[in-house]
Amino acid sequence: MNALANILGPRARFGEPLASHTTWGLGGPAWCLATARDAGEAAAVLAACRRAGCPVKALGRGSNLLVAGGGYPGVMLKLAGSLAGLKASGQVIKAGGGAHLSAAVKLASRLGLAGLEWAAGIPGSVGGAVATNAGAHGSDMAAVAAEITLLGAEGEILTLAGAELPAAYRRRELPEGALVLGASLALKPSDPAAVAARVAEFLAARKRTQPLGAKTAGSVFKNPPGDYAGRLIEAAGLKGFSLGGAQVSRKHANFIVNRGGASPAEVLALLETVRRAVTERFGVELEPEVEVVGDV
């Protein structure tokens, strides 16, 4: 505790509730919410935690986390300052891991740089998107992340070509314990109006088909090969099904909505109910796209 306070001052917040830092609006307190503004601070936090045997997890924008009501018994690391910035250089946008992915989309659109339009409406951070290889509309982060800067488990800073880190559907192979500090997004020059039109098209499609604006964590399950999780959940008769304050979205069955007052336990129970129902009905084992943090 003293080490973190010495490194970060008031940006080491002990007992910070995580409900206000997750898109589901759920979660008890983290032992510490640590906000690092540069790579040196992030490395110092990691080193202090390693010495104390304290677990560390990157928070991002909390858009794919289900945090237990009891919270997280470790350090949630949030990237800010230079680690959340965006800077364009020619056809490359250098993005901090804590930068909003939506802000990167807007910057690319304004500059007439094509290749990131598919990410319009995705609520996560650049670091989270890289780590999970977020994607949509036939593209993903692996297609644009030419370089990735990592903070290694031993505090070393590594900058690797994207091709050195194998990627697959919703998965990126990162060194164990590494955190994404940033990425260089290689895009292509285009007409700004054309890029903006594609962004608007993708965003409008999301608004028509997904519960944007509701308290969700995006898609709950990965799509199984050759099919869609939402289709299977709807075919199992669970679209709109509720447990307490948690509900399978009536707009898109692969979203679980916190209608207000939902508990993490209710969301997890609904997630498991959906998963079992699809397995029993279709023999398909859905793989969660969200990460459960703590003992729900």
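Up top you'll find the structure we're talking about.
Notes on the structure in this doc start here. (Residues numbered from 1 in each chain as written. Predicted model: local features only at pLDDT ≥ 70, side-chain atom pairs only at ≥ 80, totals over all residues. Heavy atoms only, no water.)

## Here we look at the sheet that holds strand β18 (residues 246–248)
Right, so step 1: Taken in spatial order, the three strands make up an open sheet running β17-β18-β19, and their pairing is antiparallel. Single-partner strands in this sheet number two, and they are β17 (242–243) and β19 (256–258).
Right, so step 2: Relative to β19, β18 runs antiparallel, the two being bridged by three bridges. Its bridge partner lying in β19, V248 is registered against I256.
Right, so step 3: Against the sheet, helix α7 (residues 264–282) engages β17, β18 and β19, with an angle of about 25° to β18. (Pairing = 2+ DSSP bridges. Helix = DSSP H or I, 4+ residues; strand = E, 2+ residues; numbered from the N terminus. Contact = heavy atoms within 4.5 Å. Axes fitted to C-alpha atoms, helices over the stretch in contact; angles between N-to-C directions.)

## Describing the pattern of salt bridges
Right, so step 1: This structure, assessed with the given rule, holds 12 salt bridges.
Right, so step 2: Note that E41 is salt-bridged to R11, the shortest N-O span being 2.9 Å. In this pair, E41 sits in helix α2 (residues 39–52) while R11 sits in the loop between α1 (2–8) and β1 (12–17), placing the two residues 30 residues apart along the sequence.
Right, so step 3: Judged by relative accessible area, which is 13%, E41 ranks as buried.
Right, so step 4: The class of R11 is buried, set by a relative accessible area of 17%.
Right, so step 5: The partner of R275 in a salt bridge is E285, and the shortest N-O contact between them spans 2.5 Å. On the criterion of sequence distance, the pair formed by R275 in helix α7 and E285 in the loop between α7 and β20 (291–293) is long-range, its members being 10 residues apart. (Salt bridge = Lys/Arg side-chain N within 4 Å of Asp/Glu carboxyl O. Buried < 20%, exposed > 50% of the residue type's maximum accessible area, 1.4 Å probe, protein only.)

## Looking at the pairing of strand β12 (residues 157–161)
Right, so step 1: Bridging between strand β11 (residues 145–151) and β12 involves five bridges; their strand directions are antiparallel. Residue pairing in the sheet places T149 in a bridge with T159 of β12.
Right, so step 2: Where β11 folds back on β12, the antiparallel hairpin that results is connected by five residues, among which G155 adopts a positive phi of roughly 90°.

## Considering a nonpolar patch on the surface
Right, so step 1: A cluster of nonpolar side chains, namely M1, F14 and W31, defines an oily patch on the protein surface of about 290 Å² accessible area.
Right, so step 2: Along the chain, W31 falls in strand β2 (residues 29–36). (Patch = residues over 30% accessible without salt bridge, like charges linked within 9 Å, V, L, I, M, F, W, Y side chains within 5 Å. Areas by Shrake-Rupley, 256 points an atom, 1.4 Å probe, with all protein chains shown as cover.)

## A closer look at the sheet that holds strand β5 (residues 72–79)
Right, so step 1: Strand order in the open sheet made by the four strands is β1-β2-β5-β3, with mixed pairing throughout. The open sheet terminates on both sides in strands that have one partner only, identified here as β1 and β3 (56–58). On average, each strand axis in the sheet is inclined to that of its neighbour by 35°, with strand direction left out of account.
Right, so step 2: Note that β3 and β5 share three bridges and pair parallel.

## What about unusual backbone geometry?
Right, so step 1: If you check the backbone angles, N133 has positive phi at about 50° while not being a glycine.
Right, so step 2: One can find N133 in the loop between α4 (126–132) and β9 (135–136).
Right, so step 3: Here H137, not a glycine, exhibits a phi torsion of approximately 50°, which is positive.
Right, so step 4: Looking at where H137 falls in the secondary structure, it is placed in the loop between β9 and β10 (139–140).
Right, so step 5: Judged by relative accessible area, which is 46%, H137 ranks as partly exposed.

## Focus on the side chain of S63
Right, so step 1: Turning to its location among the elements, S63 is positioned in the loop between β3 and β4 (65–67).
Right, so step 2: When residues no more than four places from it in sequence are discounted, the contact partners of S63 are T23, P123, G124, A217 and G218.

## Regarding α7
Right, so step 1: With 19 residues, α7 extends 27 Å from end C-alpha to end C-alpha; this agrees with the ideal 27 Å at 1.5 Å per step.
Right, so step 2: Within α7 the residues assigned to the buried category are P264, V267, L270, L271, V274, R275 and V278. The buried residues of α7 occupy an angular sector of 130° when projected down its axis, which confines them to one face.
Right, so step 3: Residues of α7 that are buried make contact with β4, α6 (229–235), β17, β18 and β19.
Right, so step 4: Phi for G283, located one or two positions after α7, is positive at around 70°. (Expected span 1.5 Å × (residues − 1). Arc of directions from axis to C-beta.)

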